[in-house]
Amino acid sequence: MAQRRRGERRVETVGSGVAELAPDPDRPDGWTLLLDGAPQSHVDLTDPTHLEFEYIRRMAAAIDLIAPPGAPLRVLHLGGGALTLPRYLAATRPGSPQRVVEIDGPLVELVRAALPWDPKAKIRVRVGDAREAVTGMRDAGYDIVIVDVFAGARTPAHLASAEFAREVARVLAPAGWLIANVADGPPLAYARTQVATIRSALPQACLVADAAVLRGRRFGNLVVLAGRTPPPVAELSRRTAGDWFPGRVETDLDRFTGGRRPATDADAVASPPPPEGLFGARP
């Protein structure tokens, strides 16, 4: 089907829980994917450049700035959801070869059937574990690796270690970039350790988030941009400040991490669960 009928909510049990496709009351072709009640993705089938979630817009801003406009990029997405960023990249950088790794096969089939993407886009979806997939990939095969993986509302521990970060760095081209979504709340212990962990493999980095999240005042998403060359801080700061919900770019990551050591496979933990009631208002 090209899209679901206006106002028709769909609920199915998938591998990771209960998936809901909820119509966006403000956009005729907009849909929100929820997993166990938590908003996971938003897509507009007519306009893939419309990005509803603020952390996704921050990821997209980073993508826009790290290569000339329209230039194709080789992109690996770890975590698929409703394929918001793959659709965005296919629209803004036509011809970009993209691979998506998503562990939930039934979810992939639900999205493929109910929210199909442009068949001309070079998007390949593989069902599997993100770390296992990366381990089997060739060196320097990607310009960007996007890590946005959640089991329920938490990032698994095996994707939060220095060993995993080194595998991601290995599959990146020398001038490539990791863009990671880190969810955390006060006192940001997990986020601080994750930044230290990522920088152990890709030392040139910055952090983008809402100011209240960066100050440890509320739970939210922090976007890490990391590579081997300096990130486009000035341009990213302008884009972030001009967003519908302005954010801030943090560059003093030594201060942010506060001397924390990188997590290893022996001691890495999953990201903290969001506070109860955070997703109480459903679309």
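Refer to the preceding data block for the structure.
Draft legend 1. How the structure looks around the sheet that holds strand β1 (residues 10-14). As summarised here, the arrangement of the four strands in space is β1-β2-β3-β4, forming an open sheet in which the pairing is antiparallel. Edge positions in the open sheet fall to β1 and β4 (38-44), since each of these has one partner strand only. On average, each strand axis in the sheet is inclined to that of its neighbour by 20°, with strand direction left out of account. With five bridges joining them, β1 and strand β2 (residues 17-23) adopt antiparallel strand pairing. Residue pairing in the sheet places Val 14 in a bridge with Gly 17 of β2.

Draft legend 2. Fine view of the pattern of salt bridges. For the coordinates displayed, the defined rule picks out 18 salt bridges. Ionic pairing is found between Arg 131 and Asp 265, a salt bridge with its closest N-O pair at 2.7 Å. In this pair, Arg 131 sits in helix α4 (residues 130-135) while Asp 265 sits in the segment after α9 (253-257), placing the two residues 134 residues apart along the sequence. In this structure, a network of salt bridges that share partners links the residues Arg 248, Glu 250, Asp 252 and Arg 255.

Draft legend 3. Quick peek at the packing of aromatic side chains. Considering all chains together, one arrives at zero aromatic pairs under this definition. Its guanidinium or amino end placed over the ring of Trp 244, Arg 57 lies 3.9 Å from that ring's centre, counting from NZ or CZ. Over the aromatic face of Phe 256 sits the side chain of Arg 192, whose NZ or CZ is 4.9 Å from the ring centroid.

So, how was this worked out
Residues numbered from 1 in each chain as written. Predicted model: local features only at pLDDT ≥ 70, side-chain atom pairs only at ≥ 80, totals over all residues. Heavy atoms only, no water. Pairing = 2+ DSSP bridges. Helix = DSSP H or I, 4+ residues; strand = E, 2+ residues; numbered from the N terminus. Axes fitted to C-alpha atoms, helices over the stretch in contact; angles between N-to-C directions. Salt bridge = Lys/Arg side-chain N within 4 Å of Asp/Glu carboxyl O. Phe/Tyr/Trp six-rings, centres within 6.5 Å; stacked < 30°, edge-to-face > 60°. Lys NZ or Arg CZ within 6 Å of the ring centre and 35° of its normal.

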